[in-house]
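# Understanding the architecture of this molecule
Listed below, chain by chain, are the residues.
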Amino acid sequence: MSKRPIRSIKGTQDILPDQSFRWQALESIIRDTMDKYNYHEIRTPAFENTALFLHSVGEETDIVSKEMYSWEDQGGENLTLKPELTAPVARSFIQNNLGGLNPINKLYYIDSLFRRERPQKGRYRQFHQFGIEAFGSEFPEIDVEVIALAMSTFKNLELNGLTLELNSIGSKDCRDNFRKAIKEYLKPNFDKLSETSQTRFNKNPLRILDTKSPDEKRLLKDGPKISDYWTSDDKNHFNEVCELLDKINIKFELSPNLVRGLDYYTRTTFEVTSNLLGAQNAICGGGRYDGLVEQLGGKPTPGIGFAAGMERLLLADQRNFEPTKSQIYIVGLGDSVRSLIVNLAEELRKNNFRTNFDVLRRSIKSQMRDANKLDAQYVIIIGEEELSKNIATIKDLSSGDQKEIPFESILNHIKSLPLK
Ligand code: HAM
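The structure reproduced in this document is the subject of the present report. The structure presented is a predicted model; accordingly, all values stated were derived computationally and were not measured.

Right, let's get into the nonpolar core. If you look at the biggest cluster of nonpolar residues, it comprises 81 residues, and the most contacted ones within it are F130, F154 and F306. The leading source of residues in this core is helix 6 (residues 140-156), at nine residues. When near neighbours in sequence (up to four residues on either side) are disregarded, F130 contacts I30, M34, Y109, I110, T153, F154, F306, A307, A308, M310 and L313. Core analysis: the second largest hydrophobic core is formed by 19 residues, L344, Y378, I394 and F407 among them.

This part covers the packing of helix 2 (residues 50-58) against helix 4 (residues 86-95). Remark: helix 2 packs on helix 4, axes separated minimally by 9 Å, with the N-to-C direction vectors making an angle of 110°. Taken together, the axis directions place helix 2 and helix 4 in an arrangement best described as roughly perpendicular. Across from L52, F53 and S56 in helix 2, the residues of helix 4 making contact are A87, P88 and R91. Counted by class, the contact of helix 2 with helix 4 contains four nonpolar, one polar and one charged residues.

Across the sheet, which stays open at both edges, the eight strands sit in the order 1-5-6-11-10-9-7-8 with mixed pairing between neighbours. Among the strands making up the open sheet, the edge pair consists of strand 1 (40-41) and strand 8 (253-254). Most of the contacts of helix 1 (residues 17-36) go to strand 5 (residues 105-114), to which it runs at about 160°, and overall it touches strand 1, strand 5 and strand 6 (126-135). Helix-sheet contacts for helix 4 involve strand 5 and strand 6, and the interaxial angle to strand 6 is about 45°.

For any two helices packed against each other, the geometry is given by the interaxial angle and the distance between the axes. Where helix 1 meets helix 6, the axes come as close as 10 Å, and the angle between the chain directions of the two elements is 140°. Our classification of the angle between helix 1 and helix 6 gives oblique. Where helix 1 crosses over helix 6, the two elements pack in a sense that is right-handed. Judged by residue contacts, I29, I30, T33 and M34 of helix 1 engage L149, S152, T153 and N156 from helix 6. Its residues assigned to classes, the contact of helix 1 with helix 6 shows four nonpolar, four polar and no charged.

The ligand sits among 27 residues. The nearest are E84, T86, E117, Y265 and A282. With respect to the ligand, the backbone of Y124 contributes an N or O atom lying 2.9 Å from a nitrogen atom. A distance of 3.5 Å is found between a nitrogen atom of the ligand and a backbone nitrogen or oxygen belonging to G305. In isolation the ligand has 660 Å² of accessible area, and contact with the protein removes 95% of it.

The geometry of an aromatic ring pair is captured by the separation of the ring centres together with the interplanar angle, meaning the angle of the planes. Going through the model one piece at a time under the given rule, you end up with twelve aromatic pairs. Consider the rings of F178 and Y229, whose centres lie 5.9 Å apart with planes at 65°: the pair is edge-to-face. Here F178, found in helix 7 (residues 172-186), pairs with Y229, found in the loop between helix 9 (214-221) and helix 10 (232-247); they are 51 residues apart in sequence, far enough to count as distant. We classify Y229 as partly exposed; its relative accessible area is 28%. Relative to F238, the ring of W230 lies with its centre 5.2 Å away and its plane at 55°, an arrangement referred to as tilted. Among the aromatic residues, ring-to-ring pairing joins F93, F135, Y264, Y265 and Y289 into one connected group.

Here a disulfide denotes a covalent bond joining the sulfur atom of one cysteine to the sulfur atom of another. For the structure shown, the criterion picks out zero disulfides. Looking at the unpaired C174, the closest cysteine sulfur is the one in C242, lying at 15 Å. C284 takes part in no disulfide bond, and the closest cysteine sulfur, belonging to C242, lies 17 Å away.

Another aspect to go through is the pairing of strand 5. Within strand 5, ten of the ten residues are buried, which leaves it mostly tucked inside the rest of the structure. Where burial is concerned, the two faces of strand 5 agree: the one with N105, L107, Y109, D111 and L113 and the one with K106, Y108, I110, S112 and F114 are both buried. Where strand 1 lies against strand 5, two bridges are found, and the strand directions are parallel. By the bridge assignment, E41 is partnered in strand 5 with Y108.

Because each turn of an α-helix spans 3.6 residues, side chains separated by three or four positions end up pointing in the same direction. Taking 1.5 Å of rise per residue, the 20 residues of helix 1 would be expected to cover 28 Å, and the 29 Å separating its terminal C-alpha atoms lies within 8% of that figure. Three or more residues of helix 1 are buried, namely F21, R22, W23, L26, I29, I30, T33 and M34. The secondary structure elements touched by the buried residues of helix 1 are strand 5, strand 6, helix 6 and helix 12 (310-316). After helix 1 finishes, the residue N38 shows a positive phi value of roughly 60°.

Calculation rules
Residues numbered from 1 in each chain as written. Predicted model: local features only at pLDDT ≥ 70, side-chain atom pairs only at ≥ 80, totals over all residues. Heavy atoms only, no water. Core = buried A, V, L, I, M, F, W, Y, C linked by side-chain atoms within 4.5 Å. Buried < 20%, exposed > 50% of the residue type's maximum accessible area, 1.4 Å probe, protein only. Helix = DSSP H or I, 4+ residues; strand = E, 2+ residues; numbered from the N terminus. Contact = heavy atoms within 4.5 Å. Axes fitted to C-alpha atoms, helices over the stretch in contact; angles between N-to-C directions. Parallel < 35°, antiparallel > 145°, perpendicular 65-115°, else oblique. Nonpolar A, V, L, I, M, F, W, Y, C, P; charged D, E, K, R; others polar. Pairing = 2+ DSSP bridges. Left-handed = near helix turned anticlockwise from the far one by under 90°. Near = heavy atom within 4 Å. Polar contact = N/O pair within 3.5 Å; in protein donor to acceptor, adjacent residues only side chain to side chain. Areas by Shrake-Rupley, 256 points an atom, 1.4 Å probe, with all protein chains shown as cover. Phe/Tyr/Trp six-rings, centres within 6.5 Å; stacked < 30°, edge-to-face > 60°. Disulfide = S-S within 2.5 Å. Expected span 1.5 Å × (residues − 1).

Structure follows, in structure tokens:
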């Protein structure tokens, strides 16, 4: 009886060789851009104490209340697969005293994350982000550097149709006052609010601004604005961020309701959307989190960062490039040539030629077909007859030209060929 094969988990994806080369190209552009801005990579564990996310992302957020993969392990510890990276990086920053070693720490990551969301195009349960976290400066220059780094990576990826939305959700005092004001304003209409907004009203009123409902949007239009509650420092900070962005020609749209779905944000918040994607059009989100390090038990340290979804970047990436191809294919026939071919293939690889040979002991005809399928540029043919004369036939697959070359000169001959 044949067994039913086990399948992957809903919302997860295999990245097969016909796609993995696109991931590698994306990662290489990201690393090159990080290098220009002098950000250094940090890698953190796949799972953390559940408490880390409760105390940073926030208990009432969608991520913590509905989407985390959490479990109690055999030792009774509550653990969670990381649903985001700002909190783990802040935890590591504190634990390793990075702030004591350097006043500014500019860190980046490329990693896998886990959220139990409803899967759809551009939304998965295991997905990947690249992102940065910059600790140590409260000044607008770093806000602008962080945003410029995001935009510059997208430019290097040749992405079009992007919109940068920008807002400031102010300091803690500003948000406390705004929360009171928005509740006051919405109270008479509480019964008309959606269930989600009613829950948010009680638990996290700022998030009501995130509503998708046109009726609620209309209602909010005439309500209090966060900007009315900015302190003068908040206002100056935000104005300076906007002015500096103008200076370096980064276009943005002011988005007064952009509050983001995680609790740790303060002041600058931003998102980048792409008009090439459907419903899940946010390719990047970020902002300041000046209180986070202190909240997690570290010394008060301002911070700002962003993260971008790699699956979404690849969906928006219209570039047409191809994986590297095989350069040389060695075609052989007969028991006596086998060890010679294995040896020659190794020799060519040591000399950096991308080399294949047949490992299925197929006929010459099928080996030639395989060489064509792999898009090899040249084949080296060694049959019994060639072996007896100590020569190999080298054929250019695009022109069909072929030449006989003595064994001892094969490597030098290959080195002289115009290989792509
Ligand atoms: P986030 O907005 O939750 O922020 O996620 C950032 C990006 O990750 C989104 O804009 C989206 O491109 C991608 N993303 C999120 N969820 C999924 C999913 N289920 N499937 C595919 N892609 C997804 C954060 O994670 C913050 N930690 C960003 C940050 C860093 N803020 C400051 N520093």
